[in-house]
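Below are the chains, spelled out letter by letter.
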Protein chains: 2
Amino acid sequence: MSVKAVKNLFDALFSLTDLRELFREVKPLYEMDEEQRSRAASCLERAKRCLAELEEFLKDPKPVEEAFNMYILDDIEVRAREELFINIDPIQPAGRLTAEAMKALIAYGDGYSTCDWCLRPFRLDKVKRPPLAEFHAELAEFLGMDEVRLMPGARRAFQAVTRTLLEKGDVALISTLAHYTEVLAVEEAGGIVKEVPLSEDNVLRGEMVAEKIEEVKRETGRLPKLVVVDHFDYMYGNEHDVKGVAKVAHEYGIPVLCNGAYSIGVMPVNGKELGVDFLAGSGHKSFASPAPSGILATTEEWVDKVFRTSKMVCDVTGRIFEVKEVELLGCTLMGAVAVAMMASFPQVKERVKRWDEELEKVNYFVKEFLKVEGSKVLSQLPRKHTLTYVDTSGSFDKVARNHKRRGYFLIDELTKRRITGIFPGATRRWKLNTYGLTWRQIKHLAWAFKDIAGKYGLKVGE
Amino acid sequence: MSVKAVKNLFDALFSLTDLRELFREVKPLYEMDEEQRSRAASCLERAKRCLAELEEFLKDPKPVEEAFNMYILDDIEVRAREELFINIDPIQPAGRLTAEAMKALIAYGDGYSTCDWCLRPFRLDKVKRPPLAEFHAELAEFLGMDEVRLMPGARRAFQAVTRTLLEKGDVALISTLAHYTEVLAVEEAGGIVKEVPLSEDNVLRGEMVAEKIEEVKRETGRLPKLVVVDHFDYMYGNEHDVKGVAKVAHEYGIPVLCNGAYSIGVMPVNGKELGVDFLAGSGHKSFASPAPSGILATTEEWVDKVFRTSKMVCDVTGRIFEVKEVELLGCTLMGAVAVAMMASFPQVKERVKRWDEELEKVNYFVKEFLKVEGSKVLSQLPRKHTLTYVDTSGSFDKVARNHKRRGYFLIDELTKRRITGIFPGATRRWKLNTYGLTWRQIKHLAWAFKDIAGKYGLKVGE
């Protein structure tokens with residue numbers, strides 16, 4: 001029944017969207033011919049029918065196992081993963097939209113929707129209506145930095161930094177757990193990455209960075225031009241010693257870019273306290289925003305460099321676009337996505353204060369998860385992040401070896417229990433993320449793993 | 001009344017969005033406590049009330065002059081420009097969403113929504129569900145090119161090309177009417193722009209490009225490394241001789257990037273027929289898509305260069321990300337925006353076939369507009385594009401000189417007639433775009449300008 005309810009919910013939204021299109025067609029006088037009247041009536045009828053069925057559902061709401069299939073058109077299906085399943089995908093949970101961001105997408109979907117009130121100096125971060133200028137200022141404050149710009153993804157923020165700091169052949173340090181986009185951002189700028197190994201507990205610390213700097217200096221005769229450090233990495237979700245790394249890098253006069261894709265938007269992050277020069281965040285990963293969205297924040301010292309404005313003088317006309325920022329190519333994150341980030345911001349500001357409860361929940365889950373004998377957690381314990389890397393070679397993988405569906409049995413069993421998001425087929429090392437689940441959902445999740453283990457005869461502790 | 005109807009429409013959409021958030025909170029078991037039940041009921045009540053009022057409105061729909069104000073939260077207002085006004089903004093009309101794109105934003109809004117079925121080789125343009133791989137292939141075919149990638153805006157497509165082709169100090173030719181983002185893309189890559197002047201009719205032709213190439217060769221001893229040509233420019237909306245320019249550039253062995261931000265998505269464009277090496281399009285400008293979205297298409301010859309994959313080998317781990325494309329930094333346009341482009345594509349494919357009718361409508365409008373004595377059209381006539389640059393120094397500006405609201409009188413008067421989108425205060429040279437208006441809307445628009453002229457005693461011909 002809940003599948004049908006979710007269908008009704010989407011169908012109601014879609015029929016109102018069809019009505020909206022009709023409104024646009026008959027604007028501004030709203031004179032309607034017969035065909036239009038009948039189309040309008042049928043949109044409304046559809047919506048009303050959906051509401052009636054939803055009302056029925058709400059009298060006695062419960063889930064049933066029934067396939068959800070519904071299409072926007074042709075083969076573009078409706079995505080209802082978040083309505084129907086507990087989603088523990090490693091990268092998706094903190095990018096789930098708030099209701100306000102959804103409304104922003106509805107109201108600001110049209111292409112250049114943020115340009116209605118774009119007046120001098122004609123730049124997105126100066127637009128007052130909707131209040132993007134204010135949002136930029138508040139976001140900088142929220143991050144403990146001096147200036148911030150919205151970017152189409154954290155990777156584009158990395159790129160702005162590497163393109164500003166690196167010349168061809170320059171070295172940038174990253175960690176052996178660096179996200180691939182950091183590697184690409186360095187490569188795109190013509191630089192070379194050198195990896196800093198982690199300590200045995202899979203944490204990057206200042207001393208290893210110092211060692212690597214010395215090594216690069218010895219081998220190339222020059223210092224690296226940039227150190228990139230992940231606040232929390234994409235694999236273990238471990239916390240790295242950003243402060244210690246920044247201190248060491250700065251002793252050598254090397255600027256530091258902190259990749260906060262897994263932290264900005266879910267926990268309090270203060271760039272100045274961390275002591276970094278650049279802070280990059282991801283809207284779609286951790287800021288309850290649609291893709292592609294990101295944040296680049298910096299300090300007074302670097303603002304004129306990374307956000308430098310155009311100096312090019314056109315030879316014939318003498319045109320010069322001196323307010324446009326080169327690395328942003330002018331305005332770089334317009335429209336629906338920018339407004340959605342702004343609309344999520346009030347809730348994001350609140351939710352980072354509840355990070356401790358998120359940690360309580362993930363640590364509760366981990367404790368239950370480890371009751372299945374043979375299961376291990378590879379990430380640091382207790383968990384300081386909801387992203388967690390586990391090893392079930394000694395538990396669920398044993399089942400997989402003799403199951404006709406092999407490793408897929410685990411995702412099959414989870415799906416039956418209305419859980420999704422682990423890598424299909426994985427039963428050895430895999431990742432999950434419990435961000436944003438309610439206590440009830442966390443308990444269901446913990447129960448599910450133990451229940452599956454029990455079904456297949458794995459030992460489950462008390 | 002229509003203002004109220006539009007409010008009801010949005011409010012219905014928003015109350016269903018609130019209900020959707022509740023569904024996510026109680027998933028997967030849909031057990032609801034008292035507070036949740038009452039919240040669900042009140043969402044439904046609100047939606048039902050809105051539908052009832054909409055039903056009432058549809059019995060006798062008409063507009064009234066009443067201010068629209070409605071907020072998503074705090075000071076983020078609902079944008080209802082396209083529901084209430086004829087919008088002749090120069091850059092907005094062709095970026096208005098289709099109903100399908102709106103539905104895609106609703107269904108795929110969450111951050112990494114396109115990554116549910118991302119399997120090997122883990123790249124957006126290979127994802128089969130939703131059918132992004134197919135979309136990429138069809139889009140290439142639609143544009144008469146060999147390969148295509150989605151980008152966060154046409155400007156990011158320019159950047160991928162300039163970063164691929166230009167070394168520091170290399171010259172790229174642009175026209176004296178080039179869009180500022182072309183200048184920035186060259187500057188960002190370390191190149192230098194040189195402008196090619198247009199002929200007297202404001203059209204770029206091959207012979208001027210040849211002249212400029214010779215001039216650059218004489219002055220620098222080297223050939224330009226790239227020629228950028230606008231298919232239709234942002235100012236006059238004039239058609240430039242892309243074919244002629246490409247022919248000349250290729251005689252010198254120089255690759256050509258065609259900026260199709262104003263053409264791709266509204267009219268048939270075939271890159272191979274135009275003879276260009278790179279074709280850039282804008283989703284939010286001309287492809288009925290949300291910002292930031294764009295397209296970069298290229299030919300077999302350039303695909304391995306502009307879409308080159310990572311070659312960087314990490315020194316410690318030996319990691320290499322050999323399927324990830326460097327200029328895209330991996331996947332560059334994920335989530336809602338990518339799916340919205342895909343959802344608009346079927347309609348885009350159809351609407352380009354109706355370009356002739358769009359031209360009929362703009363030429364009809366222009367004919368009527370010119371009946372106001374003293375008004376001029378600066379763009380080429382007959383219009384080959386719906387974007388049109390006009391000069392009303394001899395008509396509406398005369399009124400402005402003696403009006404207490406100065407130039408703002410014109411936007412005031414248009415607003416009263418439910419038209420918006422011209423630059424506030426402009427009465428001399430300004431731009432408008434009639435794309436996508438119905439015949440009834442076009443006639444209303446033509447009437448409005450004549451009506452305003454009449455009101456202020458300007459002569460209006462028959």
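Predicted model only: the values in this text are computed from it and were never measured.

1. Description of the pairing of strand S6 (residues 192-196) of chain B
Looking down a regular strand, the side chains alternate between one sheet face and the other. All names here are of chain B. Both strand S5 (residues 171-175) and S6 contribute to a ladder of 5 bridges, which runs parallel. Looking at the pairing, Ser-175 lines up with Val-196 of S6. Crossover S5 to S6 through helix H7 (residues 180-188) is right-handed.

2. Focus: the interface of chain B and chain A
Frequently, the measure chosen for interface size is the accessible area removed from exposure when the parts meet. Of the residues lining the interface, 118 residues belong to chain B; the matching set on chain A comes to 118 residues. With 16 residues, the top contributor of residues to the side of chain B that touches chain A is helix H1 (residues 2-26) of chain B. When grouped by side-chain class, the residues that make up the side of chain B that touches chain A number 67 nonpolar, 19 polar and 32 charged.

3. Some details on the sheet that holds S6(B)
Strands pair in a sheet through their backbones, by hydrogen bonds, and they do so in one of two ways: parallel or antiparallel. Residues and elements named next belong to chain B. Taken together, the 7 strands give an open sheet; going across it, the order is S4-S10-S9-S8-S7-S5-S6, and neighbouring strands pair in mixed fashion. Two strands lie at the open edges of the sheet, namely strand S4 (147-151) and S6, each paired on one side alone. In this sheet, adjacent strand axes meet at a mean angle of 20° when their direction is disregarded. Strand contacts of helix H5 (residues 132-142): S4 and strand S10 (294-298), with the helix running at about 115° to S4, the strand carrying the most contacts.

4. Points about the domain arrangement of chain A
If you check the domain split of chain A, you get domain 1 (2-84), domain 2 (117-333) and domain 3 (354-455). The centre of domain 1 of chain A, based on its C-alpha atoms, is set 42 Å off from the matching centre of domain 2 of chain A.

5. Overview of the nonpolar core
In this structure, Ala104(A) and Ala104(B) are the most contacted members of the largest nonpolar core, which totals 262 residues. Look past the residues within four positions of Ala104(B) in its chain and what remains in contact with it is Ile72(A), Ile76(A), Ala336(B), Val339(B), Ala340(B) and Ala343(B).

6. So, the packing of H1(B) against helix H2 (residues 34-59) of chain B
All names here are of chain B. For the pair H1 and H2, the least separation of the axes is 8 Å and the interaxial angle reads 160°. As the angle between them shows, H1 and H2 are arranged roughly antiparallel. Viewed along their axes, H1 and H2 form a crossing whose handedness is left-handed. Mapping the contact onto sequence places Ala-5, Asn-8, Leu-9, Asp-11, Ala-12, Ser-15, Leu-16, Asp-18, Leu-19, Leu-22 and Val-26 in H1 and Gln-36, Arg-39, Ala-40, Cys-43, Leu-44, Arg-46, Ala-47, Cys-50, Leu-51, Glu-53, Leu-54 and Phe-57 in H2. By residue class, the composition of the contact of H1 with H2 is 15 nonpolar, 3 polar and 5 charged.

7. Examining helix H14 (residues 355-369) of chain B
All names here are of chain B. Taking 1.5 Å per residue, 15 residues should reach 21 Å; H14 reaches 21 Å between its end C-alpha atoms and fits that length. When H14 is considered as a whole, its buried residues turn out to be Glu-358, Lys-361, Val-362, Phe-365, Val-366 and Phe-369. Along the axis of H14, the buried residues cluster in a sector spanning 135°; they form a single face. Facing away from the buried side of H14 by more than 90 degrees, the exposed set consists of Asp-356 and Glu-357. On its buried face, H14 sits against strand S11 (376-377), strand S12 (387-391) and helix H17 (439-455).

Each value, and the rule that gives it
- Residues numbered from 1 in each chain as written.
- Chains lettered and ligands numbered in written order.
- Predicted model: local features only at pLDDT ≥ 70, side-chain atom pairs only at ≥ 80, totals over all residues.
- Pairing = 2+ DSSP bridges.
- Helix = DSSP H or I, 4+ residues; strand = E, 2+ residues; numbered from the N terminus.
- Right-handed = clockwise from strand over helix to strand, strands pointing away.
- Contact = placed C-beta atoms within 7 Å.
- Nonpolar A, V, L, I, M, F, W, Y, C, P; charged D, E, K, R; others polar.
- Axes fitted to C-alpha atoms, helices over the stretch in contact; angles between N-to-C directions.
- Domains from an automatic or database assignment.
- Core = buried A, V, L, I, M, F, W, Y, C linked by C-beta atoms within 7 Å.
- Buried ≥ 20, exposed ≤ 12 C-beta atoms within 10 Å, placed from the backbone.
- Parallel < 35°, antiparallel > 145°, perpendicular 65-115°, else oblique.
- Left-handed = near helix turned anticlockwise from the far one by under 90°.
- Expected span 1.5 Å × (residues − 1).
- Arc of directions from axis to C-beta.

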